[in-house]
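Residue strings, one per chain:
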Amino acid sequence: MSKEKHHRDWIVRRCCGSICACFLTLAAVVGFIILVIYLALHPSKPSFYLQDVQLRSIDLTDPAITIDLQATIASRNPNERVGVYYKSLDAFATYRDEPVTVPVVLPAIYQGHKDASVWSPVMSGDAVPVSSYAADAMRQDIAAGYVLLHVRVEGRVKWKVGSWVSGGYHLFVNCPALLAASGGGAVGGAFAASATSGVPAGVNVTTVSLKFTHPADCTVDV
């Protein structure tokens, strides 16, 4: 009986060892395949460009800012084998790292291999509170004939390879938007209300003559 018991124990141990070896081999093969696929595909982050900004009006009632603008943002997928799902994207503008518009939701889209997409969101902020420093600095900049805003996009992206879709990744896009007076001159009297506009004297309102200077590359973090 003792010999039979030892023989059964040896068989059980050998079976367990074989099963464990099979699992370890399978895990190693799967890990190797995933590594090869990652190295072969290695998705590059999408490229973003700020094509245009139309600054319509600004009300600099201290310390809040009311602003209305429209931006044209282009994106390109540089990957040859990887598609990109853009989900939950929000666009907004900042001045000196302070938000001056409320976030606008951009349409969710799928971007195929080497494809490009364009969004043209209208961004505005009604009496957005900012620091007195930022309000004063914007007054000085516009009076000098220029202002540097940043158009930002934040959200989530997913990679698509064949029928497989990855989990979500955070997307952060920052686009510098330099606006300047035509010919580079100062905006004389930019904050003086027109006598025929019906705007009370002393209110800091301007129908802006600042124009977007040139398309700009955006920094992208995923």
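Residues numbered from 1 in each chain as written. Predicted model: local features only at pLDDT ≥ 70, side-chain atom pairs only at ≥ 80, totals over all residues. Heavy atoms only, no water.

As annotated in an unreviewed UniProt entry, the chain is Late embryogenesis abundant protein LEA-2 subgroup domain-containing protein from Urochloa decumbens. In its Subcellular location (unreviewed entry) section, UniProt records this for the chain: "Membrane". (UniProt positions renumbered as here; feature names shortened; annotations may be inferred.)

S.K.: Help me understand the nonpolar core in this model?
M.R.: Across soluble globular proteins, you tend to see nonpolar side chains buried next to one another. Residues Phe-48, Leu-50, Met-138 and Leu-149 are the most contacted members of the largest nonpolar core, which totals 44 residues. Looking at this core, the elements with two or more residues in it are β1 (47–59), β2 (64–76), β3 (83–95), α2 (132–144), β9 (146–161), β11 (169–181) and β13 (210–212). (Core = buried A, V, L, I, M, F, W, Y, C linked by side-chain atoms within 4.5 Å. Buried < 20%, exposed > 50% of the residue type's maximum accessible area, 1.4 Å probe, protein only. Helix = DSSP H or I, 4+ residues; strand = E, 2+ residues; numbered from the N terminus.)

S.K.: Explain the pairing of β1 here, please?
M.R.: Successive residues of a regular strand alternate their side chains across the two faces of the sheet. The sheet contact formed by β1 and β2 spans eleven bridges and is antiparallel. Of the residues in β2, the one forming a bridge with Phe-48 is Ser-75. (Pairing = 2+ DSSP bridges.)

S.K.: What exactly am I supposed to notice about unusual backbone geometry here?
M.R.: Backbone phi values are negative for most residues with the exception of glycine, while trans is the configuration of most peptide bonds. Located in the positive-phi region is Arg-96, a residue other than glycine, with phi close to 50°. Its place among the elements puts Arg-96 in the loop between β3 and β4 (98–99). Even without being glycine, Ala-127 reaches a positive phi, approximately 55°. Note that Ala-127 resides in strand β8 (residues 122–129).

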